[in-house]
Amino acid sequence: MNIKRFIKKLGTTFALAVGVYKGADACAPAPALTPVFNNNAALTDSAIPNQYRLNQLAEPTAEEAKTLWRIRVGAWEIGAGGYHTFLEFSPYADNDPARVKNKDIYQIHGIACDELRRTWAEMNPTKKVSYDQYMHGDYVLKAMGVNQDHDRKFFADTATAYVDIYYGTKEEVLKMYLDGMNMVDKISRDNKPYVLFDHNSNSTERSVREGLGLPDAELFVPYLPMKPGGRVWAPGLEKSLIPTGWDRADIREKSDYKNFNVSQLEQRARALSGEDKMFATFRPLPPAKTP
């Protein structure tokens, strides 16, 4: 008997068994979420995303909702049944038509960038160049903050689902956005290889959320067999990019924005947002890769 082959087969069988068990176990209960109905949403098209809140979050009163802010996980479909997740920091009452153009929505995204060409990665599955560049290792994982209006046109995609995971004041939520932007800067400067089913946009969202001490949104799952039971597949969600020694409380305490008023927080948040901040973090190319 070939002992090495036997051990390898045994290991593979065990891994598959554990994977099937975990998948079946995880997909059994439905996500612990409460639907949120925004009947007057000021949308630019007819697509109304499914909206939920964690069960532990109390529904705000009509008066509270006027000034309440929230952090939520959003997602849009990226093909083959998978979804891209991101963090959104915004007013709870963002369905108020009077606030549509205030540019008071802030988002954090993980992005695939082309290190060789210093731009966005070509992720179009219908183009051969996408596969060539990806397999050649041209793509790196970066993260960015986005400030946009309620049209949500920055990525030309309409979110398909949202889960509220935190409610607080505008000051609290904006400070948490700035806390998260510290990790965004770290991820972008690391320039780790972008791997579609590994370290990707979803691992970025998960890492920033965990780094802020925020709970799991429960709707989104990392493995395809976990989709039954009303969940949404977000591959790579199980991967963590939290920097060694990360301490959000320490970062906040050492920051200059810990005592900012709301106006100052808004100014700082908008100044840190944008793709130009992300593109500026490309590392120098080695001579062999210079085009």
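Look above for the structure.
Everything numeric here is computed off the predicted structure, so don't read it as measured data.

*Asks:* Quick rundown of the packing of aromatic side chains? Include the residues and the values.
*Replies:* This structure, assessed with the given rule, holds 9 aromatic pairs. Between the aromatic rings of Tyr106 and Tyr177, the centroid separation amounts to 5.2 Å while the plane-to-plane angle is 50°, which identifies the pairing as tilted. Of this pair, Tyr106 sits in strand S5 (residues 105–114) while Tyr177 sits in helix H4 (residues 170–190), placing them 71 residues apart in sequence. A residue is classified by how much of its surface remains accessible, and Tyr106, at 0% relative accessible area, is buried. Assessed through its relative accessible area of 0%, Tyr177 is described here as buried. Of the aromatic side chains, those joined through ring pairs into one cluster are Trp76, Phe86 and Tyr162. The lysine or arginine in question, Arg72, covers the ring of Tyr162, its NZ or CZ lying 3.6 Å from the ring centre. One Lys or Arg, Lys142, reaches over the ring of Phe282 and ends 4.5 Å from the middle of that ring.

*Asks:* Tell me about the pattern of salt bridges, and name the residues and values.
*Replies:* Here the structure, examined in full by the defined rule, presents 21 salt bridges. Ionic pairing is found between Arg70 and Asp164, a salt bridge with its closest N-O pair at 3.2 Å. Residue Arg70 is found in strand S3 (residues 69–79), and its partner Asp164 is found in strand S8 (residues 161–168); the two are separated by 94 residues along the sequence. The exposure class of Arg70 is buried, given its relative accessible area of 0%. The exposure class assigned to Asp164 is buried, which follows from its relative accessible area of 2%. Linking Lys254 and Asp250 is a salt bridge whose minimum nitrogen-to-oxygen distance equals 3.2 Å. One end of the pair is Lys254 and the other is Asp250, both in helix H6 (residues 248–254) and 4 residues apart, which spans about a single turn. We classify Lys254 as exposed; its relative accessible area is 67%.

*Asks:* A description of the environment of Phe282 should follow, citing residues and the corresponding values.
*Replies:* With respect to the helices, strands and loops of the structure, Phe282 is situated in the segment after helix H8 (275–279). Between the alpha carbons of Phe282 and Asn191 there is a distance of 7.0 Å; along the sequence they are 91 residues apart.

Rules behind the numbers
Residues numbered from 1 in each chain as written. Predicted model: local features only at pLDDT ≥ 70, side-chain atom pairs only at ≥ 80, totals over all residues. Heavy atoms only, no water. Phe/Tyr/Trp six-rings, centres within 6.5 Å; stacked < 30°, edge-to-face > 60°. Helix = DSSP H or I, 4+ residues; strand = E, 2+ residues; numbered from the N terminus. Buried < 20%, exposed > 50% of the residue type's maximum accessible area, 1.4 Å probe, protein only. Lys NZ or Arg CZ within 6 Å of the ring centre and 35° of its normal. Salt bridge = Lys/Arg side-chain N within 4 Å of Asp/Glu carboxyl O.

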